[in-house]
Amino acid sequence: MLSELDEKILLALPTERDAVPWVSTPTVYARLQEARLDVRYVKKVQRHLEALEAEKLVLSHRDGRELLWQRKPWMEGANRSFNLMGASEAVAFSILKRFAGSKLPEAVVRDIDPLFKAAEVRLSRERPDSRLYRSWPGKLDSVDGSFALIRPPLRTEVFQTVISATFFERELLVGYRPAYKEKQVEEPKVKPLWPLALVESAGVVYMVGHSEPQPEKGKLKPLRTLYRLDRIVSVQESGKGFTYPADFSLQEYVANEQQFNFLPEPPIRLVIAFDNTSGNYLRESPMSKDQELETLPDGRLQVSGTVVPSLKLRWWLRSLGPTVEILAPESLRNEFAQDYETLAKRYKG
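Calculation notes
Residues numbered from 1 in each chain as written. Predicted model: local features only at pLDDT ≥ 70, side-chain atom pairs only at ≥ 80, totals over all residues. Heavy atoms only, no water. Pairing = 2+ DSSP bridges. Helix = DSSP H or I, 4+ residues; strand = E, 2+ residues; numbered from the N terminus. Axes fitted to C-alpha atoms, helices over the stretch in contact; angles between N-to-C directions. Contact = heavy atoms within 4.5 Å. Expected span 1.5 Å × (residues − 1). Buried < 20%, exposed > 50% of the residue type's maximum accessible area, 1.4 Å probe, protein only. Patch = residues over 30% accessible without salt bridge, like charges linked within 9 Å, V, L, I, M, F, W, Y side chains within 5 Å. Areas by Shrake-Rupley, 256 points an atom, 1.4 Å probe, with all protein chains shown as cover. Salt bridge = Lys/Arg side-chain N within 4 Å of Asp/Glu carboxyl O. Lys, Arg positive; Asp, Glu negative; His and termini not counted. Charge placed at Lys NZ, Arg CZ, Asp CG, Glu CD. UniProt positions renumbered as here; feature names shortened; annotations may be inferred. Phe/Tyr/Trp six-rings, centres within 6.5 Å; stacked < 30°, edge-to-face > 60°. Polar contact = N/O pair within 3.5 Å; in protein donor to acceptor, adjacent residues only side chain to side chain. Domains from an automatic or database assignment. Buried area = accessible area lost by both parts, 1.4 Å probe. Nonpolar A, V, L, I, M, F, W, Y, C, P; charged D, E, K, R; others polar.

Draft legend 1. Just the sheet that holds strand β8 (residues 232-241), in detail. If you walk across this open sheet you meet the five strands as β7-β6-β5-β4-β8, and the pairing is antiparallel. Sheet topology places β7 (223-228) and β8 at the edges, where each strand pairs with a single neighbour. Averaged over all pairs of adjacent strands, the angle between strand axes in this sheet comes to 45°, irrespective of strand direction. Where strand β4 (residues 170-176) lies against β8, six bridges are found, and the strand directions are antiparallel. Directly across from Arg170, in β8, lies its bridge partner Gly241. Against the sheet, helix α8 (residues 156-168) makes contact with β4, β5 (190-201), β6 (204-211) and β8, and its axis sits at roughly 30° relative to β8, the strand it touches most.

Draft legend 2. Region of interest: α8. Here α8 is 13 residues long and its end C-alpha atoms lie 18 Å apart, about the 18 Å a rise of 1.5 Å per residue gives. Within α8, burial applies to Val158, Phe159, Gln160, Val162, Ile163, Ser164, Ala165 and Thr166. In the stretch just after α8, Glu169 is the one whose phi turns positive, near 55°.

Draft legend 3. Just a positive patch on the surface, in detail. Where like charges cluster on the molecular surface, the positive patch consists of Arg40, Lys43, Lys44 and Arg47. The topology assignment puts Arg47 in helix α3 (residues 42-54).

Draft legend 4. Summary view of the UniProt feature "domain: WCX" (unreviewed entry) in the chain. The positions UniProt marks with the feature "domain: WCX" (unreviewed entry) are residues 266-342. Taken as a whole, residues 266-342 contains 29% helix and 30% strand, while its terminal C-alpha atoms sit 26 Å from one another.

Draft legend 5. View of the pairing of β5. Both β4 and β5 contribute to a ladder of four bridges, which runs antiparallel. Its bridge partner lying in β5, Gly175 is registered against Val190. In the sheet, β5 pairs with β6 via seven bridges, with the strands oriented antiparallel. Counterpart to Leu198 in the pairing with β6 is Met207.

Draft legend 6. Spatial organisation of the sheet that holds strand β9 (residues 268-274). Pairing in this open sheet of four strands is antiparallel, and the strands run β10-β11-β9-β12 from one edge to the other. Every interior strand has two partners, whereas the edge strands, β10 (292-295) and β12 (324-328), have only one. The mean inter-strand angle of the sheet, taken between neighbouring strand axes irrespective of direction, is 25°. Against the sheet, helix α10 (residues 311-319) makes contact with β9, β11 (301-307) and β12, and its axis sits at roughly 10° relative to β9, the strand it touches most. Taken strand by strand, helix α11 (residues 330-348) contacts β9 and β12, and its axis lies near 140° from that of β12.

Draft legend 7. The arrangement of the packing of aromatic side chains in detail. Evaluation of the coordinates by the stated rule reveals eight aromatic pairs. Measuring from centroid to centroid gives 6.2 Å for Tyr244 and Phe248, while their planes differ by 65°, and the two rings are edge-to-face. Look at Phe248 and you get buried, because its relative accessible area is 10%.

Draft legend 8. Main features of the pattern of salt bridges. Within the structure shown, the criterion is met by 13 salt bridges. A cluster of three or more residues bridged by salt bridges with shared partners is formed by Asp298, Arg300, Glu325 and Arg333.

Draft legend 9. Looking closely at the side chain of Ser288. Along the chain, Ser288 falls in the loop between β9 and β10. By relative accessible area, which is 12% here, Ser288 ends up buried. Polar side-chain contacts of Ser288 include one of 2.9 Å to the side chain of Asp290. In this structure the side chain of Ser288 is engaged in a polar contact, spanning 3.3 Å, whose partner is the backbone nitrogen of Gln291. Excluding residues that lie within four positions of it along the chain, Ser288 makes contacts with Gly305, Thr306 and Val307.

Draft legend 10. View of the side chain of Ser304. With respect to the secondary-structure elements, Ser304 resides in strand β11. One polar contact links Ser304 to Arg269, side chain to side chain, over a distance of 3.5 Å.

Draft legend 11. How the structure looks around the domain arrangement of the chain. When cut into domains, the chain gives domain 1 (4-71), domain 2 (87-138), domain 3 (156-178 + 188-256) and domain 4 (268-348). Distance from the C-alpha centre of domain 2 to the C-alpha centre of domain 3: 31 Å. Between domain 2 and domain 3, the residue contacts involve seven residues of the former and seven residues of the latter. Between domain 2 and domain 3, the buried area comes to about 540 Å², and carbon and sulfur atoms account for 65% of it. The interface formed by domain 2 and domain 3 includes zero residue pairs in polar contact (both at pLDDT 80 or more). Taken together, the residues of the side of domain 2 that touches domain 3 sort by class into four nonpolar, one polar and two charged.

Written out as structure tokens, the structure reads:
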């Protein structure tokens, strides 16, 4: 079992991937002092380094008369790196791999895959704390709240190219076929895009693509559009990097522009009435920040609030069926009335 000092020494050592891959024993000692670890003698650090080398956790080589040290990458063998990992860290890496492993760039996965493996080894060991920590990932899951559809397949090479370019901020050359051109036979025109972000919504992955302004076409501002990754026909890096736009925030893009609600319109004051108790869940999960509740004379629950009309809002209202009535605005009420009239005729044959 590694001591606390051993662990601190290993954390203080560089690896072959660092800009300065080798350090001397006095340098390790100085780093331990900076970390406020009470080590009185350089020779003590030297003895621990030699013991760690015997355990094949560190490497050494001589540069003239000076002995230099390096830590093996985390680590060369999960059977050893698990010694450095606490149970809580092992659980964190286990859950990260389960829920986000497929969404990490290949370059990142390559760096931390030994830690994923180390987490498995650490949780598999029979230690006093292992059973509870080992069972925790099996007590968590994520379930989509809507009816589960079989999502279109996403080609691995497309996903990895896009996710790597997004991570390293490199321009992409993208051939994209939107839904209204899905029957198009010829290859779509390739255009340069900056991949700003990736978002998963209802099992489908989207890229926020940035197109530079084209003054010659009268486009003076950059265009930021959503691209479904499963609709990308071809993609490759252009070989150019880009400077990430300082004015772009994914959180603001999702919250304010509401692009993931699809076809958003100017905000409205929505007023709806629910039969019986069908709308009670909105007491705990409001439809808007300024939501107001009121009981109507006929006993129905009236809910009002400022919302952004969109496809998602319409999908939600339709999913409520006859238990809800749209009272305002009149334009949305008339739209639903016409839809239901058409639907009634269709079912009556």
